[in-house]
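A look at the structure
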Amino acid sequence: MTRSNGVLLLVLVIQLFLTAVVYWPQQAQLVADPAAPLLAIDPAEVRAIQLADDQGNEAFLQRIEGSWRLPAQQDLPADSALVERLLQVLAVEWHGYPVATSVAARQRFEVASYSFQRSVTLIGADDAQLGTVFLGTAPAFRRIHARSAADDAIFSIAFNSFDAPATDNAWLDRSLLQVPTPEKIRGGDGFALTRLDNGDWRAANGAAPEPRELDALLVSLANLQVDGIATEDQQRTLAVSAPAFSLDIETAGESLQLAFYLLEEEHFIHDQRYDLFFTLSAYDFDRLQTLDSGRLNGLP
């Protein structure tokens with residue numbers, strides 16, 4: 001190697017070194033720093049959640065005295081597990097690195113402010129907006145594109161759009177009418193049961209109810225699930241209709257009356273604690289309606 005070639009090689013090495021010194025820290029930061037949550041906020045600060053979809057539907061949830069409620073539906077309880085999962089995804093979990101940042105990608109993945117599949121806005125004290133996230137297309141099973149309105153970065157997150165529904169009905173706590181620990185149960189067709197201090201059940205005549213029939217009743221009440229809220233037209237019709245059957249129930253803290261209705265081959269339930277009527281599956285309706293009163297009264 002000639003002396004001139006050696007000098008040129010040295011100059012090249014120096015240039016490469018200077019280039020690395022200048023650009024390396026920035027590149028290292030881009031690669032090494034993990035992505036932050038979509039919204040860098042404390043979920044405990046969230047007082048309300050507003051959701052919208054691309055069809056013009058909207059839902060609004062509000063935290064009232066520590067519980068999530070549906071203000072537009074007479075403050076009915078919302079599914080707290082569904083709400084907490086949404087807050088976890090938006091404000092706690094880290095989702096890796098962005099898959100895109102361009103304006104064109106916002107349109108393609110449907111996470112733009114003017115083109116989205118879901119818009120989720122978290123609201124804090126004094127109605128202050130804490131942030132908005134747009135949910136868009138699904139790149140894979142159980143994954144969805146998401147972008148904070150305050151950022152260009154688009155992420156592929158482990159979530160489903162149907163876990164952020166834009167209707168109040170979809171957020172309803174389906175278990176709100178469950179009765180896990182009844183003390184007394186009386187059916188309109190003639191059975192009356194009381195739970196003794198030792199946990200055994202007795203009918204009004206002192207006989208023990210048939211175990212399988214009793215278990216069917218208790219399991220049905222403990223696992224009762226509403227499907228949703230009846231429509232406004234159905235509410236008006238049901239309000240002046242007679243129930244197909246009813247159950248009067250006493251628990252340690254209150255007395256309940258569950259009334260069951262059949263309207264145009266659809267099934268409904270009403271609880272005196274709430275003004276609204278709820279839709280019910282045919283399965284839950286039938287397994288309570290077909291209970292044998294004689295066996296519950298301990299008759300052969």
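Residues numbered from 1 in each chain as written. Predicted model: local features only at pLDDT ≥ 70, side-chain atom pairs only at ≥ 80, totals over all residues. Heavy atoms only, no water.

1. Quick look at the overall build of the protein
Counting its regular elements, the protein contains 8 helices and 18 strands. By the burial criterion, 39% of the 300 residues in the protein qualify as buried. A separation threshold of at least 6 residues defines the contact pool for the protein, and within that pool the share at least 24 residues apart is 58%. Carbon and sulfur atoms form 52% of the exposed surface of the protein, whose accessible area is close to 16600 Å². (Helix = DSSP H or I, 4+ residues; strand = E, 2+ residues; numbered from the N terminus. Buried < 20%, exposed > 50% of the residue type's maximum accessible area, 1.4 Å probe, protein only. Contact = heavy atoms within 4.5 Å. Areas by Shrake-Rupley, 256 points an atom, 1.4 Å probe, with all protein chains shown as cover.)

2. Some details on the nonpolar core
Ile49 and Phe278 are the most contacted members of the largest nonpolar core, which totals 61 residues. Looking at this core, the element that brings in the most residues is helix α2 (residues 80-91), giving 7 residues. Here phenylalanine 278 is in contact with Leu76, Leu172, Leu176, Leu177, Val226, Gly228, Ile229, Ala230, His267, Phe268 and Ile269, once residues within four sequence places are set aside. (Core = buried A, V, L, I, M, F, W, Y, C linked by side-chain atoms within 4.5 Å.)

3. So, the side chain of histidine 267
Structurally, the position occupied by histidine 267 is in strand β17 (residues 266-271). Note on histidine 267: relative accessible area 13%, which makes it buried. Beyond its immediate chain neighbours, meaning those up to four positions away, histidine 267 contacts Tyr261, Leu262, Phe278, Thr279, Leu280, Ser281, Ala282, Phe285 and Asp286.

4. Observations regarding helix α7 (residues 282-289)
Along α7, the residues that are buried comprise Asp284, Phe285 and Leu288. Angular distribution of buried residues about the axis of α7 spans 100 degrees; they occupy a single face of the element. On its buried face, α7 sits against α5 (211-222), β15 (245-250), β16 (255-263), β17 and β18 (277-280). (Arc of directions from axis to C-beta.)

5. Details of the pattern of salt bridges
In a structure, side chains of opposite charge can pair up when their charged atoms sit close to one another. Counting across every chain of the model gives 9 salt bridges. In this structure, the salt-bridge partner of arginine 273 is glutamate 254, at a minimum N-O distance of 3.3 Å. Within this pair, whereas arginine 273 is found in the loop between β17 and β18, its partner glutamate 254 is found in the loop between β15 and β16, the two being separated by 19 residues in sequence. What emerges from the salt-bridge pattern is a single network uniting Glu254, Asp271 and Arg273. (Salt bridge = Lys/Arg side-chain N within 4 Å of Asp/Glu carboxyl O.)

6. Digging into the sheet that holds strand β10 (residues 154-157)
In a beta sheet, neighbouring strands pair by backbone hydrogen bonds and run either parallel or antiparallel. Read across the open sheet, the 8 strands follow the order β4-β3-β2-β1-β7-β8-β9-β10; overall the sheet is antiparallel. Looking at strand neighbours, the two that pair on one side only are β4 (76-77) and β10, the edges of this open sheet. In the sheet, strand β1 (residues 48-53) pairs with strand β7 (residues 118-123) via 6 bridges, with the strands oriented antiparallel. Note on β7: the bridge partner recorded for leucine 51 is valine 120. (Pairing = 2+ DSSP bridges.)

7. Remarks on the pairing of β18
Taking every second residue as pointing to the same face, both faces of β18 are buried, with Phe277 and Thr279 on one and Phe278 and Leu280 on the other. Here 3 bridges tie strand β14 (residues 226-229) to β18, and the two strands are oriented antiparallel to one another. Within the sheet, the bridge partner assigned to valine 226 lies in β18 and is leucine 280. Bridge count for β17 against β18 is 4 bridges, and the pairing is antiparallel. Residue pairing for β18: phenylalanine 268 is matched across the bridge by threonine 279.

8. Brief notes about the packing of aromatic side chains
Ring pairs (aromatic) are described by centroid distance and by the angle formed between their planes. Tallying each qualifying case throughout the model produces 6 aromatic pairs. Centre to centre, the rings of phenylalanine 260 and phenylalanine 285 are 6.4 Å apart; their planes meet at 75 degrees, and the pair counts as edge-to-face. Placement of the pair is phenylalanine 260 in strand β16 and phenylalanine 285 in helix α7, with a sequence separation of 25 residues. Of the two residues, phenylalanine 260 and phenylalanine 285, both sit in the buried class. Aromatic side chains tyrosine 274 and phenylalanine 278 sit 6.1 Å apart centroid to centroid with 90 degrees between the ring planes, which places their arrangement in the edge-to-face category. (Phe/Tyr/Trp six-rings, centres within 6.5 Å; stacked < 30°, edge-to-face > 60°.)

9. Quick notes on the pairing of β15
Note that strand β11 (residues 184-187) and β15 share 4 bridges and pair antiparallel. Note on β15: the bridge partner recorded for lysine 184 is glutamate 250. Note that β15 and β16 share 6 bridges and pair antiparallel. Across the sheet, isoleucine 249 pairs through a bridge with leucine 256, a residue of β16. Following β15, the chain reverses through 4 residues before pairing antiparallel with β16.

10. Digging into the sheet that holds β17
The antiparallel open sheet is built from 8 strands, whose spatial order is β13-β12-β11-β15-β16-β17-β18-β14. Edge positions in the sheet fall to β13 (201-203) and β14, since each of these pairs with one other strand and no more. Each adjacent strand pair in this sheet contributes to an overall mean axis angle of 25 degrees, direction not counted. (Axes fitted to C-alpha atoms, helices over the stretch in contact; angles between N-to-C directions.)

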